[in-house]
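Coordinates in review
Residue strings, one per chain:
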Amino acid sequence: MGLRTFLTDAWSWLNYKPVMAGTYDGRPHRALAPELQATWLPEDAVRRLAAYKLLAAYDSNQAGELATLAGHDAAAERREFGDPSTFVDTTLAHLLGKTQQIIVPGAEHAGDDDASPEAVAAAAVQQRLRDWAEAELLPLRMQAAERKAVLLGDGLYLLAWDPEKDRVRLKTYDPGFYFPVLEDDADPGDYPRRVHLAWEIPEDPKRGLKAKVRRITYELGPVASATRSSTDASEQVGRNPVLDESGAPTLELGDRYVPEAGHIERTYPWAPGRPSRTACFLTDAEWFLDDLRHGQSLDDLPLDKAHFRTRNDGEVLHRLDLHLDFIPLVHVSNTVADGEHFGQSTLAKVMQALDELAETDTDSARASATTGAPIIGLAGARAEVDRGTGRPKPLMVEPGTVFQLADGGRMDVLDTSGQLAELRARVEEIRERASVNARLPAVSLGTVDPSDVPSGYALQLSLGPLDSLVDSMRLARAHKYALILKMVQRIHQAGQADGWTTGKPMAARIVFGPHTPTDRTAILDEVVRGVTAGVLSLETGIRMLQDAGYPIEDAREEVRRIHTRRGVAQTPRRVTPDVPKSDEEKQAV
């Protein structure tokens, strides 16, 4: 018998689970997910997908069922009351806040009398992005992707141009379909140049369909000539361009052949003065599992066995040029990257506590059964005899039951109420320990009576760990959502959508609402006193009210309404403090 392998990786916090490290080579147990044994899966993705499967089981109260499949028969009676799901949902709610708003810096000054062209342009881009977000149901998409990120550690967005709707479409994918090709010497923060979305399609005997695997590939490569079909263009990437009868290269609009360098350059609308040699290619194909040999991983599936899919217009999706110089996929990590490309689940630090909590709940349920229906011992009672078998019938204890006891007879009752009280106290102790380690205070989980909080200051102190947790999670996402908004602008430019002008995309970000309750009355009083005294501008006061949760959608529009009601036709002048005049200034006056 060999020694069990000691593994330390991004998912080693799950090694204590027999189903996660059930074999001596460290591979997950087959009961965890039989599809993980598929030959096309990359070796370095097996443990990641197993971790996703295990976390999903905890989220759906199926951890006991999963343990039973792995051979732990006693786990079939495990009581699971949704504690992992509560932790995930609470973390998600605090992460996203009550609102999510797209902000383009400088747009708030577009309504000023002396507004600069940059401010007007920023306001226009901000409004277009908000209109796009409303049409694409961005808050709903974020809820779906971020719940995956909080639970599994990773989320995934895909952006694609839809010519029929004349806008960018935003989709979310399960991170279990995400397979980036990471270079060995690449920095974990670097964007991969080749990414696969892949999943297995089971066979359907009724319809006569075989099992197959589908792979969607996005890859960056040199700009190719456009004279060949999509299939032939894949062979042209990286080689000399295709020439016409006169010997000149045949290029697409915006491309330029550089004979001295031997490559094609393309000018993208978001970088008019900076030619690029890079393009993004899309391939969407399927392979029958019977056609795959052992050892053929996802990144090197045989193209001669592939069945390429086609678009609605009949275009074959084999290295289709998307006219982009970036991959329109954004991977969201739940935690700040520390040498790892993938993130870590919010439940990572409390998994063993959740197991202990479920086991204690199970023991508590058993003790509750013996307390509600106690075990009774009778001495000196005559049991009724079954006439058919001649054996004594079991005694049933029901309300109103009377037992006739002989002289010296007695009845003893097993009292387990003391053990039940201890188990219930143990449940609360473990739950409190888990909330501390997860940085989710009891007040955020809703398990604290408001009357037990001594003061608002004490409440604020208790929310300190939650503040640091939310700040860290939002920091890990800030540049990813800024990247999504940049891609949205670029793809609209590439699709020549109405209103989206060429040029460098403007910096935009998504601002999340407050994650903790605020004293709105105190903030309103502070704004009123500050604006009245002239130490705060009206715009700043409106922004403070927005942050406090007041239903103000557009700060500029709100300022205009206030001015209209006051009868003010223009923006009020800024209040400047009185400065004592010098003797020369007094004489001039």
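Attention in this report is confined to the structure presented alongside it. (Residues numbered from 1 in each chain as written. Predicted model: local features only at pLDDT ≥ 70, side-chain atom pairs only at ≥ 80, totals over all residues. Heavy atoms only, no water.)

What to know about the overall build of the protein chain
- Secondary structure assignment for the protein chain yields 15 helices and 15 strands.
- Here the protein chain, with 589 residues, has 39% of them falling under the buried criterion.
- Taking all contacts inside the protein chain whose residues are at least 6 apart in sequence as the whole, residues at least 24 apart take part in 65%.
- In the structure as shown, the protein chain presents an accessible area of about 34000 Å², 51% of it carried by carbon and sulfur atoms. (Helix = DSSP H or I, 4+ residues; strand = E, 2+ residues; numbered from the N terminus. Buried < 20%, exposed > 50% of the residue type's maximum accessible area, 1.4 Å probe, protein only. Contact = heavy atoms within 4.5 Å. Areas by Shrake-Rupley, 256 points an atom, 1.4 Å probe, with all protein chains shown as cover.)

Things to note about the packing of aromatic side chains
- This structure, assessed with the given rule, holds nine aromatic pairs.
- Ring centres of Tyr481 and Phe512 lie 6.1 Å apart, and the angle between their planes is 80 degrees; on these two criteria the pair is classed as edge-to-face. Within this pair, whereas Tyr481 is found in helix α11 (residues 464-494), its partner Phe512 is found in strand β15 (residues 509-512), the two being separated by 31 residues in sequence. The exposure classification of Tyr481 matches that of Phe512, with both residues buried.
- By way of ring pairs, the aromatic residues Trp11, Tyr178 and Phe342 are connected into one cluster.
- Here Arg48 stacks its cationic end above the ring of Phe179, 5.5 Å away from the centre of that ring.
- One residue, Lys210, lies across the ring of Phe288, its end atom 5.9 Å from the ring centre. (Phe/Tyr/Trp six-rings, centres within 6.5 Å; stacked < 30°, edge-to-face > 60°. Lys NZ or Arg CZ within 6 Å of the ring centre and 35° of its normal.)

With respect to the packing of helix α12 (residues 520-533) against helix α13 (residues 538-547)
- For the pair α12 and α13, interaxial distance at closest approach is 10 Å and the crossing angle is 180 degrees. In this view, α12 runs roughly antiparallel relative to α13, as classed from their interaxial angle. Residues Ile523, Leu524, Glu526, Val527 and Val531 of α12 form the contact with α13, whose participating residues are Leu538, Gly541, Met544 and Leu545. (Axes fitted to C-alpha atoms, helices over the stretch in contact; angles between N-to-C directions. Parallel < 35°, antiparallel > 145°, perpendicular 65-115°, else oblique.)

Considering the pattern of salt bridges
- Inspection of every chain in the model, using the stated rule, returns 26 salt bridges.
- Between Arg311 and Asp313 there is a salt bridge whose closest N-O contact spans 2.8 Å.
- Relative accessible area serves as the criterion here: at 37%, Arg311 is assigned to the partly exposed category.
- You can call Asp313 exposed: its relative accessible area is 55%.
- Its salt-bridge partner being Glu428, residue Arg431 comes within 3.1 Å of it at the nearest N-O pair. (Salt bridge = Lys/Arg side-chain N within 4 Å of Asp/Glu carboxyl O.)

Regarding the side chain of Gln296
- Among the structural elements, Gln296 can be located in the loop between β9 (278-288) and β10 (307-308).
- A polar side-chain atom of Gln296 sits 2.9 Å from the main-chain amide nitrogen of Arg293.
- When near neighbours in sequence (up to four residues on either side) are disregarded, Gln296 contacts Thr39, Trp40, Asp291, Leu301 and Pro302. (Polar contact = N/O pair within 3.5 Å; in protein donor to acceptor, adjacent residues only side chain to side chain.)

Re the sheet that holds strand β3 (residues 167-173)
- Strand order in the open sheet formed by three strands is β3-β2-β12, and the pairing between neighbours is antiparallel. Only two strands of the sheet have a single partner each, and these edge strands are β3 and β12 (329-333). The mean inter-strand angle of the sheet, taken between neighbouring strand axes irrespective of direction, is 25 degrees.
- Strand direction decides the pairing type here: strand β2 (residues 154-162) and β12, joined by five bridges, are antiparallel. The partner of Leu156 across the bridge, within β12, is His331. (Pairing = 2+ DSSP bridges.)

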